[in-house]
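Examination of the molecular architecture
Letter by letter, the chains look like this.
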Amino acid sequence: MAVKVRIPTPLRRITNGQDKVEAEGETVNDIISSLEGQYPGMRERLCDDQGELRNFVNVYINGDDIRFLDGLASPTNSGDEISLVPAVAGG
């Protein structure tokens, strides 16, 4: 099942400048694997060495933060929109 993935500006060099791409998978983890297959280097920017989402990366499915769902195991459905959002620090 295809979902749309919004790519933040810092990661667009990996996607050849595209701000939105499609990926296949039944969970967010599957989507990340699909992105890695299409755009090598994507997984290491999103996940740490243990395969967990990096602290400074937020992922949303249709506006819902996956940290409050099932994390990387959160299910996806055809037509969903996933947003990858790097955390912003300030003060």
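The notes below deal with the structure included here. The shown structure was predicted, so the numbers you read here are calculated from the model rather than taken from an experiment.

1. A closer look at the pattern of salt bridges
Following the criterion strictly, the structure yields four salt bridges and no others. In this structure, Arg6 and Glu81 form a salt bridge, with 3.1 Å as the shortest nitrogen-oxygen distance. Of this pair, Arg6 sits in strand β1 (residues 2-6) while Glu81 is found in strand β5 (residues 81-86), placing the two residues 75 residues apart along the sequence. With its nearest N and O atoms 3.7 Å apart, the salt bridge here joins Glu44 to Arg45. Note on Glu44: relative accessible area 52%, which makes it exposed. Given a relative accessible area of 27%, Arg45 falls into the partly exposed group. Members of the salt-bridge network, linked through shared partners, are Arg6, Lys20 and Glu81.

2. Concerning the pairing of strand β3 (residues 57-61)
In terms of residue burial, β3 counts as a mostly covered element, since four of its five residues are buried. Pairing of β3 with β5 involves five bridges; the strand directions are antiparallel. Each residue of the ladder has a partner; that of Tyr60, found in β5, is Ser83. Summarising the sheet, β3 and strand β4 (residues 64-65) pair through two bridges and their orientation is antiparallel. Of the residues in β4, the one forming a bridge with Ile61 is Asp64. A loop of two residues connects β3 with β4, the two strands running antiparallel in sequence, and Asn62 in this loop sits at a positive phi of about 50°.

Criteria and cut-off values
Residues numbered from 1 in each chain as written. Predicted model: local features only at pLDDT ≥ 70, side-chain atom pairs only at ≥ 80, totals over all residues. Heavy atoms only, no water. Salt bridge = Lys/Arg side-chain N within 4 Å of Asp/Glu carboxyl O. Helix = DSSP H or I, 4+ residues; strand = E, 2+ residues; numbered from the N terminus. Buried < 20%, exposed > 50% of the residue type's maximum accessible area, 1.4 Å probe, protein only. Pairing = 2+ DSSP bridges.

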